[in-house]
Amino acid sequence: MSPSQHEDDDADSSPWPRFILVSLGDTEDLERYEPGGFHPVHLGDIYDDGRYRVVHKLGAGGFSTVWLARDETEHRWVALKIVVADYSMSVYDKSQLSCHAASQCASDAVFVVEHRHFTLDGPNGCHLCLVLPVLGPSTSQLSAGLSSRIRPWLTRRASYQATRALADLHAQGLCHGDVTTANILFCLLDTDRYTESDIYRLFGTPETAPLETHSGETPGPGAPSYIVESLNFLSSKESIISKDVRLIDFDQSFRVSSPPENMLGTPVEFLAPEVAVGLKASPASDVWALGCSIFRLRSGEGPFSGYEVTSPADLMRIIIQTLGDMPNSWEEISFDYYGQPTKDPAKGEPLEKWEGKRPIKDLVYKIWDQPENSVVKTGRVRPEHQAWREDENKPYPQCFSDTVWKPTATKIDNTYLHGYDVETDALLEAMPKISENEAALLYDLLSKIFVYDPQKRLSAREMLSHPWFHMDGPLTKVRSELCGKSPI
C-alpha cells in the first residue's frame, strides 16, 4: 500500500478534533474525554463517599489525570490518580504487583506505591482511583533544555536514588517498564502542615480555561466544562521541594519471567534498541531507559530525542548514528510504514539509515553548565532577542538556587540565552562545559549502559558503585529524610 493510500485511510478514519486546544501549557489529551477515556474532574469534586475533595491539579499522563486532594478523614493531603476506564483493570493488576514488591524491599526503598484505592463510575466508564502520596515536580520538568536545569550535584544524587529504586525492584523480579524522567519525581517537605489557604498562597489559585468544541456544541457529560492548569511548584517564593526523588508509575510494569508480547508504551526516545526492533523487554531494557534519564537529568536533553524521532525506526536510526551498526542478527528486522518493527518482509522494508555520526562521548563532553553569576562575556556584539514572556529572563526565586537554575536568565554579551534559532548554537558554544573529570566519569558510566547486547549492560545494582554518583562524597549511606515513612 502506498503512503498516499495510508494518508487517505487516516483522513477517512480520523474525525476532526472535537475540542479546541486550551492555552494552559501541557495538559491531558483532550480527545481522551470519551467512553473508555478520562473521567471529567472539576475543582471541589468529592470522591469515595465524601472522603476526598479535589483542590488542585498535579498533572496528567497518557492514561490518567492526577489531582491534589484533601483527605477529610485523615486530614492530610493526597494525590488522586484517576485512570482511564479502558486501562483501569490492567493498572490495578500492575499496582498490586508493585505493592507486593515494595513490601519485600528495604524500608528506605525509593519508589512509590498506593496507600489504597477505590473505583468510581462516571460517564466514560468505571475508573480505578489510586490514592498516592503527594510528590513534587518531575525531573523532566526541572531538567528541560533551555527552560530549566537541575544543579549537577543534585542530578547525581537523584540519579543514584532512581538507580537504587530500580535495583530494589529488579531484585524482586519486577521490571518497571516505563523508566523516564517524567516518572522520577522530587519529594516535598512536610505538606500536611499547610492548609488549603496556604496552598493558594504559595502557588496561587488554579488557572482554568473553558473547554470548547469546534462545532460550538457543549462538551457534554463525558468532558469537563473547563481544563485546569497543573500546579507550578517553581511559582512560589517558598520552596517545599525536597532533595530526594521517588520512582513512580507502575502502569507498564511486568514480571521479569513474563515480559509483555506487545511493544512497551514508553515514550519512544527511552526505548532500548532490542525493544525497538521487536524483541522482549527485560531488566536490561529498564537500565537503558535509566541511562537515557540520567543523561537528560545532567544535560537537559535526551541522548536519543529530537523532533525527528517519532517511531522505533527513527530511534534505531539515531542510535546507529551514536553506537554504530546494529547486530547482524537484527538486520532481518523490517519496519512498516509507521516505523513499527515487523519480521514479515511483505509488511515492511529494511531500515534506511541516516547519515552522520554523533558519538555518545561527544554528546557528554558538550554538556553546558551555568556560568558564574549567569553572565558570559566574549567581547562580541550579538543580535538581541525579544523575550516572549515578561519573566523569561528572570532567574528563579532565590529559594530554588540550590536546586535548579534557569538557562534563559543567562546573559551572553548583550543578549540572553533564548529559544532555538540560528543564533542558539553560537550562544551555547560560549557557555561553560561540564568539567573534564566529570565528563570522563559520566561517559564511562553511559558507555557501559548504551550497548546493543542487553547481556553486556551493567545491571542497576552494579551501577550503584560507579564513581560518577559519588563525586560529592559516598552516597551508599545516604538515606532519605523520609525513610520508614510514606513520602509526602
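Residues numbered from 1 in each chain as written. Predicted model: local features only at pLDDT ≥ 70, side-chain atom pairs only at ≥ 80, totals over all residues. Heavy atoms only, no water.

Novice: Hey, could you go over the sheet that holds strand β1 (residues 46-47) for me, with residue numbers and the actual values?
Specialist: The 6 strands are arranged β1-β2-β3-β4-β6-β5 in an open sheet whose pairing can be described as antiparallel. The sheet terminates laterally at β1 and β5 (116-122), the two strands that pair on one side only. Of the pairings in the sheet, the one linking strand β2 (residues 52-60) to strand β3 (residues 64-71) comprises 7 bridges and is antiparallel in character. Following the sheet pairing, Val 54 is matched in β3 by Ala 69. Across the face of the sheet, helix α5 (residues 196-203) comes into contact with β2, β3 and β4 (76-83) while running at roughly 25 degrees to β2. (Pairing = 2+ DSSP bridges. Helix = DSSP H or I, 4+ residues; strand = E, 2+ residues; numbered from the N terminus. Contact = heavy atoms within 4.5 Å. Axes fitted to C-alpha atoms, helices over the stretch in contact; angles between N-to-C directions.)

Novice: Now, about the packing of helix α7 (residues 283-299) against helix α11 (residues 436-447): what can you tell me, with residues and values included?
Specialist: As a packed pair, α7 and α11 sit with axes 10 Å apart at the nearest point and diverge in direction by 160 degrees. The orientation of α7 relative to α11 falls into the category roughly antiparallel. Note that α7 runs across α11; the crossing there is left-handed. Only Glu 438, Leu 442, Leu 445 and Leu 446 of α11 make contact with α7, whose side of the interface consists of Gly 291, Ile 294, Phe 295 and Arg 298. Residues belonging to the contact of α7 with α11 are distributed by class as follows: 5 nonpolar, 1 polar and 2 charged. (Parallel < 35°, antiparallel > 145°, perpendicular 65-115°, else oblique. Left-handed = near helix turned anticlockwise from the far one by under 90°. Nonpolar A, V, L, I, M, F, W, Y, C, P; charged D, E, K, R; others polar.)

Novice: So what's going on with the sheet that holds strand β15 (residues 341-342)? Which residues, and what values?
Specialist: With antiparallel pairing, the 3 strands of this open sheet are ordered in space as β15-β14-β16. The open sheet is flanked by β15 and β16 (349-350), the only strands paired with a single partner. The sheet contact formed by strand β14 (residues 334-335) and β16 spans 2 bridges and is antiparallel. Residue pairing in the sheet places Ser 334 in a bridge with Pro 350 of β16.

Novice: Give a detailed account of the packing of aromatic side chains, specifying residues and quantitative values.
Specialist: Under the criterion given, the structure shown has 12 aromatic pairs. Over the ring of Phe 38 we find Arg 32; its NZ or CZ atom is 5.9 Å from the centre of that ring. Positioned over the ring face of Tyr 396 is Lys 406, at 5.1 Å from the centre of the ring. (Phe/Tyr/Trp six-rings, centres within 6.5 Å; stacked < 30°, edge-to-face > 60°. Lys NZ or Arg CZ within 6 Å of the ring centre and 35° of its normal.)

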